[in-house]
Amino acid sequence: MPEICRFMGLVVTMYSNDHPPPHIHVRRGDDEATFLLDGTLHEGSLPRRKRALVRRWARLHQPELAACWDRVSRREPARYDRSTAMRLKRRSRSALVDVTSVEVLHDHVVRLGFSDGCVGELDLGPELWGPLFEPMAASYDEFCRVAVNTEIGTIAWPNGADLAPEVLHLEATGTCAG
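Residues numbered from 1 in each chain as written. Predicted model: local features only at pLDDT ≥ 70, side-chain atom pairs only at ≥ 80, totals over all residues. Heavy atoms only, no water.

## Topic: the sheet that holds strand β6 (residues 99-106)
Rules: DSSP calls a pair of strands paired once it identifies at least 2 bridges connecting them. Here a strand is any run of E in DSSP of at least two residues, a helix any run of H or I of at least four, and the numbering for each starts at the N terminus. For helices, the fitted line uses only the C-alpha atoms of the stretch in contact; every axis is such a line through C-alpha atoms, and the angle between N-to-C directions lies from 0 to 180 degrees.
The strand order across the open sheet built from three strands is β6-β7-β8, with neighbouring strands paired in antiparallel fashion. In this open sheet, the two strands that pair with only one neighbour each are β6 and β8 (119-123). Within the sheet, the average angular offset between the axes of one strand and its neighbour, ignoring direction, is 25°.

## Some points on the layout of surface pockets
It is a probe the size of a water molecule, rolled over the atoms, that shows where empty space is left. To keep it simple, the criterion reads: Definitions used throughout: a 1 Å grid over protein atoms alone; a cavity as a set of points that fits a 1.4 Å probe which cannot get out; a pocket as an open set with protein on both sides within 12 Å along at least five of seven lines; a lining residue as one with an atom within 4 Å of a point. Grid points are joined across faces, edges and corners, and a volume is the space filled by probe spheres set on the points.
What the largest pocket holds in volume is close to 510 Å³. In terms of lining residues, the largest pocket is bounded by 25 residues, among which Arg-6, Phe-7, Met-8, Asp-162 and Leu-163 are the most central. If you list the elements that add at least two residues to the lining of the largest pocket, you get β1 (3-7), β2 (10-13) and α6 (165-172).

## Remarks on the packing of aromatic side chains
Where we set the bar: Think of it this way: a Phe, Tyr or Trp ring, Trp meaning its six-membered ring, pairs with another when their centres are within 6.5 Å, and the plane angle makes it stacked under 30 degrees, edge-to-face over 60, tilted otherwise. When accessible area is computed with a 1.4 Å probe and restricted to protein chains, residues below 20% of their type maximum are described as buried, those above 50% as exposed, and intermediate ones as partly exposed.
Counted according to the given criterion, the structure contains four aromatic pairs. Ring centres 6.5 Å apart and planes at 20° place the aromatic pair Tyr-140 and Phe-143 in the stacked group. Pair noted here: Tyr-140 and Phe-143 are both in helix α5 (residues 140-143), with a separation of three residues, about one helical turn. We classify Tyr-140 as partly exposed; its relative accessible area is 38%. Looking at Phe-143, the relative accessible area reads 0%, which means it is buried. Ring centres 5.9 Å apart and planes at 45° place the aromatic pair Phe-143 and Trp-157 in the tilted group. In this pair, Phe-143 sits in helix α5 while Trp-157 sits in the loop between β10 (154-156) and α6, placing the two residues 14 residues apart along the sequence. Every member of this aromatic cluster is reached through a ring pair, and the members are Phe-133, Tyr-140, Phe-143 and Trp-157.

## Some words on the sheet that holds β2
Here we have five strands laid out as an open sheet, ordered β1-β2-β3-β4-β5, and antiparallel in their pairing. Strands with a single pairing partner mark the edges of an open sheet, and in this sheet they are β1 and β5 (41-45). Strand-to-strand, the axes of this sheet are offset by a mean angle of 15°, without reference to chain direction. Sheet analysis places strand β4 (residues 31-36) next to β5, joined by four bridges and oriented antiparallel. Bridge pairing links Thr-34 to Glu-43 in β5.

And the structure:
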């Protein structure tokens, strides 16, 4: 099963011999669900906030996901192409948003500022799993070393862990004060 993408603790995949309708498989820990390419939940379950995140992400990436489905259906490599995705997104207002500021508020909650003026608060605690994020999950001092990496337009830690800015922006939309 080719992996399409990983973000915010979610793993998105497609099977090469899967059945219609076109869909993605999304896993987070023991939770698993399938979503149609427009972000509609098809089968399974994920926590409510994760379902909403996948729905927004799938809608944002629907053209790339459709291209992946076509390739996978022909038994070709899925090749989720982030550079193609970014070219397609340049047509959309929220596509190329960068993180411009980060402030640790408490626990694993941060206030993020974005290049479109949005400011939102997010609890990143649930996203801090896996080998790359374990140091930040285990140590609040390590978590507090988060900073904006202006070269890639998102938050990052000294060990190289980072989170996709467009996903952070989508998560912050509900609390956006911009």
